Amino acid sequence: MKKKFSVLVKEKINKFNKKIKIPGDKSCSIRAILLASQCLGVSKIKNLLESDDVLNCVNVLKNVLGVKIIKKNDIYHVYGNGLNSFRFKKNITKIYVGNSGTFARLVCGLLSTLPAKFYLYGDQSMNKRDFTRVTEPLKKIGAFFYPTNKKTLPLTIEGTSMPLSQKHIEKKGSAQVKGLILMSALSSPGITTIEEKKISRNHSELFLKKINADIKVRKFKKGNIISLRGQKNLYNFNYTVGSDPSSAAFIIALTLLTPGSKLVMHNILCNETRVFFLKILKKVNANIKISNLRKLSGELIGTITVHSSKLKPIVISKNIGKFVDELPILFVIAALTKGVSVFKNIGDLKNKESDRLLESKKILIQAGIKCKVTKDTMIIYGREKIESKNKFILAKTKGDHRICMSATILSLVTGLKAKINNYETVNTSFPGFLTTIKNLGGKVVTK
Ligand code: S3P
């Protein structure tokens, strides 16, 4: 259990002009470790995100699933023994997934092709999140889950030595679901197919291409058909993780909303399934430039330069798979932008580390912002100026890192005093967030 702490924000931030470094991307870091464990030979991973979610994944692989992993001069060396090569004790193996939906779901893909039992459990927030998106596709390939019909963790998964390659239809726009099916397909004989109805982040597909897995992706209607022929040996790789655009989003918002500010960030992952929020922001007048685009380890990276901007309201009604993690901070931007912003079809936000629709609303209302939430819509009546006198935000974040960071930005930009609880959870995705805020001139105190 991590030591709990709160953060107090007491003052409005002054304008700044800085260059900052954002830590490595969480999705790519988790995939790099998991896939390296399935390769033959020593893979070397640079700029791995050293956050609680990723380090928990490293620890489970090392200490529970028998994968040798060593950090030498900031580079993670993963000694892979090939497909289905995890080593574990005969009776039920316990796997703690912490706060990480991505690790919990992707690792199930790898466990589903091992004829053994694994008991998966997470922290309070993880144990409330939907797991039918894992059990349904994996039951189809022949894995079992106990207790049967339970929808959340803790759960026991029993994998199979005879996995069946199947055709899966992915309707949620979830990269975790797509990823876990691909992880399972790696050790399944024959061709597994996924009809991706709604586009979501495609790091698993790009990674598998980079390491020469037998994977094909072709466009189909509004999405893709992805097919993977399993049981092909994969070999060790070198990989450098780009900086996380979803973490950068918080600092981008801070810059846009702090008049007279400028920010430069290099080596940000600019995969088009990840920077859609920048397109949304540019459409509403944000002064954001992406330059020096180039490929790094099969992914696009670039430099992002942001200037504070006077924005227009945001209207979104499309598939959220491409900007799901940026919605809480987009709500803050909408709240501080004059006019009515409308976010439609965002119901899956309820299934994140917390019910992000409800938790965001609670915070905005304390700041005096009117907002309406229905089953899958959020309407925000944004205001440019907020009277900070006699107002106070108390964010009881339910262990949700992105709600903590969104509340911090709201408070820094408006000068509304805030107390944000359970701040330790920010370490799951953005270690160094508070140091970055202080470096930009923000006055924050930990308690
Ligand atoms: C992730 C996919 C997204 C995202 C999460 C990371 C991934 O979740 O919210 O932070 O790495 O595959 P969903 O697949 O539930 O949309």
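The model shown is predicted, which means the values in this text are computed figures rather than measured ones. (Residues numbered from 1 in each chain as written. Predicted model: local features only at pLDDT ≥ 70, side-chain atom pairs only at ≥ 80, totals over all residues. Heavy atoms only, no water.)

Enquirer: I'd love a proper account of the sheet that holds strand β17 (residues 299-307), names of residues and values included.
Expert: Read across the sheet, 4 strands follow the order β2-β15-β17-β16 without closing on themselves; strand pairing throughout is mixed. Single-partner strands in this sheet number two, and they are β2 (17-20) and β16 (287-296). Sheet twist, expressed as the average angle between the axes of neighbouring strands with direction ignored, equals 15°. One ladder, built from 6 bridges, connects strand β15 (residues 262-269) with β17; its direction is antiparallel. For L263, the partnering residue across the bridge sits in β17 and is V306. (Pairing = 2+ DSSP bridges. Helix = DSSP H or I, 4+ residues; strand = E, 2+ residues; numbered from the N terminus. Axes fitted to C-alpha atoms, helices over the stretch in contact; angles between N-to-C directions.)

Enquirer: Help me get a handle on the pairing of strand β19 (residues 339-343), residues and values and all.
Expert: Sheet topology note: the strand β18 (residues 315-316)/β19 ladder contains 2 bridges and is parallel. For V315, the partnering residue across the bridge sits in β19 and is V342. In terms of handedness, the path from β18 via helix α9 (residues 327-335) over to β19 forms a crossover that is right-handed. (Right-handed = clockwise from strand over helix to strand, strands pointing away.)

Enquirer: Tell me about the domain arrangement of the protein chain, and name the residues and values.
Expert: Its domain assignment divides the protein chain into domain 1 (7-24 + 242-446) and domain 2 (26-240). The gap between the C-alpha centroids of domain 1 and domain 2 is 29 Å. With 34 residues of domain 1 at the interface, the matching set in domain 2 holds 26 residues. Here domain 1 packs against domain 2, burying approximately 2,400 Å² in sum over the two surfaces, 43% of which is carbon and sulfur. When the buried area of domain 1 at its contact with domain 2 is split by residue, S297, E353 and T428 rank highest and sum to 22% of it. (Domains from an automatic or database assignment. Contact = heavy atoms within 4.5 Å. Buried area = accessible area lost by both parts, 1.4 Å probe.)

Enquirer: Pulling in residues and values, what's your account of helix α8 (residues 276-283)?
Expert: Along α8, the positions that sit buried rather than exposed are F276, F277, L278, I280 and L281. Buried positions along α8 lie against α7 (245-257), β16, β17, β18 and α9. Positive backbone phi, approximately 95°, marks N285, located one or two places after α8. (Buried < 20%, exposed > 50% of the residue type's maximum accessible area, 1.4 Å probe, protein only.)

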